[in-house]
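Here's the letter readout for the chains.
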Amino acid sequence: MLTVVVQGSFEEARRTIQAAQKHAEVIEFRIDLFEKKDPTHVGKLLHLSKVPVIFTLRRKDQGGEFRGNERER
């Protein structure tokens, strides 16, 4: 299964999603690596995807950037 990871700015994420539509079976939204943690942007990006989406929010010890506690995550 080919999964494409989406991260960075809204514009970078939008371009990645558009390019991934041709080849990816799943798109992973790395919420912890988005520049702006704006739910509105996530919703707009989700709407652009024509393939299933997985949302991840990885802690620092998992290779991510989320610094909150487990309850917040």
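Located above this text is the structure these notes cover.
Residues take numbers from 1 onward in each chain, read along the sequence in its written order. The predicted origin of the model limits local features to residues at a pLDDT of at least 70 and limits the giving and counting of side-chain atom pairs to 80 or more, whereas totals for whole chains, interfaces and linings rest on all residues. As a convention, hydrogens and water are excluded, and side-chain values are obtained from all of the structure's heavy atoms.

Undergrad: Account for the sheet that holds strand β2 (residues 26-34), naming residues and giving values.
TA: When DSSP finds two or more bridges between two strands, those strands count as paired. Each helix is a run of H or I in the DSSP string that is no shorter than four residues. Each strand is a run of E no shorter than two, and both are numbered from the N terminus. Taken in spatial order, the three strands line up as β1-β2-β3 in an open sheet, and their pairing is parallel. Strands with a single pairing partner mark the edges of an open sheet, and in this sheet they are β1 (3-8) and β3 (53-56). Across the sheet, the mean angle separating the axes of adjacent strands is 25 degrees when strand polarity is ignored. For β2 and β3, the ladder comprises four bridges, and the chain directions are parallel. Counterpart to isoleucine 27 in the pairing with β3 is valine 53. Contacts are residue-level and defined by heavy atoms, with any inter-residue pair within 4.5 Å sufficient. Note on method: axes are straight lines fitted to C-alpha atoms, helices fitted across the in-contact stretch only, with angles between N-to-C directions ranging 0 to 180 degrees. Its contacts with the sheet put helix α1 (residues 10-20) on β1 and β2, and the angle it makes with β1 is roughly 165 degrees.

Undergrad: Can you explain the packing of aromatic side chains? Please cite residues and give values.
TA: What describes a pair of aromatic rings is the distance from one ring centre to the other and the angle between the planes of the rings. The rule is short: rings of Phe, Tyr and Trp, with Trp giving its six-membered ring, pair when the centres are within 6.5 Å, and they are stacked under 30 degrees, edge-to-face over 60, tilted in between. Per the counting criterion, the structure on display carries two aromatic pairs. Note on phenylalanine 29 and phenylalanine 34: the rings are 6.0 Å apart at their centroids and 45 degrees apart in plane angle, and the pair reads as tilted. The exposure class assigned to phenylalanine 34 is buried, which follows from its relative accessible area of 5%. On the basis of an interplanar angle of 80 degrees and a centroid distance of 5.4 Å, the ring pair of phenylalanine 29 and phenylalanine 55 is categorised as edge-to-face. Highlighted residues: phenylalanine 29 in strand β2 and phenylalanine 55 in strand β3, separated in sequence by 26 residues. Type-normalised accessible area, obtained with a 1.4 Å probe on protein chains alone, sets the label of each residue: buried when under 20%, exposed when over 50%, and partly exposed for intermediate values.

Undergrad: I'd like a rundown of the packing of α1 against helix α2 (residues 39-48), residues and numbers included.
TA: In the contact formed by α1 and α2, the axes pass within 10 Å of each other and the chain directions differ by 15 degrees. It follows that α1 is roughly parallel to α2 by the angle criterion. Crossing hand, α1 versus α2: right-handed. In this structure, α1 uses Phe10, Ala13, Arg14 and Ile17 to contact α2, whose residues at the interface are His41, Lys44, Leu45 and Leu48. Put simply, Ala, Val, Leu, Ile, Met, Phe, Trp, Tyr, Cys and Pro go in the nonpolar bin, Asp, Glu, Lys and Arg in the charged bin, and everything else, Gly too, in the polar bin. For the contact of α1 with α2, the class distribution of residues is five nonpolar, one polar and two charged. Working rule for angles: under 35 degrees goes down as roughly parallel, over 145 as roughly antiparallel, 65 to 115 as roughly perpendicular, anything else as oblique. Crossing chirality is assigned from the near helix's rotation relative to the far helix, an anticlockwise turn below a right angle marking it left-handed and a clockwise turn marking it right-handed.

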